[in-house]
Amino acid sequence: METFPSAMRMMPNWRLTFDGLSKFQFIQKVFRSVNISHQYRSTYQIGTYTTNLSYITDASGINSIRDLQNNYIQQYEINVVT
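Residues numbered from 1 in each chain as written. Predicted model: local features only at pLDDT ≥ 70, side-chain atom pairs only at ≥ 80, totals over all residues. Heavy atoms only, no water.

**What about the overall build of the chain?**
Just so we agree on the cut-off: Strands here are runs of E lasting at least two residues and helices are runs of H or I lasting at least four, both read from the DSSP assignment and numbered beginning at the N terminus. For the exposure calls, accessible area comes from a 1.4 Å probe over protein chains only, and a residue counts as buried if that area is under 20% of its type's maximum, exposed if over 50%, partly exposed in between. Here a residue-residue contact requires only that any non-hydrogen atoms of the pair lie within 4.5 Å. To be clear on the numbers: accessible area is Shrake-Rupley with a 1.4 Å probe, and residue cover counts the displayed protein chains and nothing else.
The secondary structure content of the chain amounts to one helix and four strands. In the chain, the succession of helices and strands from N to C terminus is β-α-β-β-β. For the chain, the spread of C-alpha atoms along the principal axes amounts to about 75 × 25 × 20 Å. Each of the 82 residues in the chain was classed as buried or not, and the buried ones make up 9%. When contacts within the chain are restricted to residue pairs at least 6 apart in sequence, those whose partners lie at least 24 apart make up 50%. Element-wise, carbon and sulfur atoms account for 54% of the exposed surface of the chain, whose accessible area totals about 7,600 Å².

Laid out in structure tokens, this is it:
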């Protein structure tokens, strides 16, 4: 998963509503109208981030620099993601 995905890669919010069941005669005998709906909503928020000045990549684009605990240094320090 990308840290900062582009708008083209994010899933859009959508809503689907179907009201065609009320056109059937056997449904009209019992119900005046029938609506079926489904909705998907997605949010992706990054509160704050800072660029790590110690992040350096080699010619292949891979970071091989580690910190004192032998962890790889990340390009971004992100505090809050929801």
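Having put the structure on the table, let's press on.
**A closer look at the environment of Asp 58**
Mapped onto the elements, Asp 58 comes out in the loop between β3 (49-51) and β4 (76-78). Taking relative accessible area as the criterion, Asp 58 reaches 40% and is therefore assigned partly exposed. On a C-alpha basis, the gap between Asp 58 and Gln 69 in space is 21 Å, while along the polypeptide they are eleven residues apart.

**Quick word on the environment of Lys 23**
Summarising the element assignment, Lys 23 is placed in the loop between β1 (14-18) and α1 (25-28). The exposed category is assigned to Lys 23, whose relative accessible area is 67%. Lys 23 sits 41 residues away from Ser 64 along the chain, and the two C-alpha atoms are 65 Å apart.

**Re the environment of Ser 64**
Inspection of the secondary structure puts Ser 64 in the loop between β3 and β4. Among the residues examined, Ser 64 registers a relative accessible area of 54% and is labelled exposed. Residues Ser 64 and Ser 22 lie 42 residues apart in sequence; the distance between their C-alpha atoms is 63 Å. Dropping the residues within four chain positions of it, Ser 64 is found in contact with Ile 56 and Tyr 72.

**Describing a nonpolar patch on the surface**
Defined as follows: Patches draw on residues past 30% relative accessible area with no salt bridge. Two like charges within 9 Å are joined, as are two nonpolar side chains (Val, Leu, Ile, Met, Phe, Trp, Tyr) within 5 Å. The rule for a salt bridge is simple: a side-chain nitrogen of Lys or Arg has to be within 4 Å of a carboxyl oxygen of Asp or Glu.
Together, Phe 4, Tyr 49, Ile 78 and Val 81 give the surface a local cluster of nonpolar side chains, amounting to about 340 Å² of exposed area. Here Phe 4 is to be found in the segment before β1.

**Topic: the packing of aromatic side chains**
Keep this limit in mind: Each aromatic pair joins two rings of Phe, Tyr and Trp (for Trp, the six-membered one) with centres within 6.5 Å, and gets the label stacked for planes under 30 degrees apart, edge-to-face for over 60, and tilted for any other angle. Charge over a ring is defined by NZ of Lys or CZ of Arg lying within 6 Å of the ring centre and within 35 degrees of the ring normal.
By the definition in use, this model includes three aromatic pairs. Geometrically, the ring pair formed by Tyr 49 and Tyr 76 is edge-to-face, given 5.7 Å between the ring centres and 85° between the ring planes. Of the two residues, Tyr 49 sits in strand β3 while Tyr 76 sits in strand β4, which places them 27 residues apart along the sequence. Given a relative accessible area of 43%, Tyr 49 falls into the partly exposed group. Of note, Arg 66 hangs over the ring of Tyr 72, and the distance from its end group to the ring centre comes to 3.9 Å.

**A short note on the side chain of Asn 63**
Selection criterion: Each polar contact in these results corresponds to two N or O atoms within 3.5 Å; when the atoms are within protein, one needs to be able to donate a hydrogen and the other to accept it, and residues that are neighboring in sequence are counted only if both atoms are side-chain atoms.
Tracing the chain through its elements places Asn 63 in the loop between β3 and β4. A polar contact is formed between the side chain of Asn 63 and the backbone nitrogen of Ile 65, at a distance of 3.0 Å. The contacts of Asn 63, once residues within four sequence positions are left out, are Tyr 55, Ile 56, Thr 57, Tyr 72 and Ile 73.

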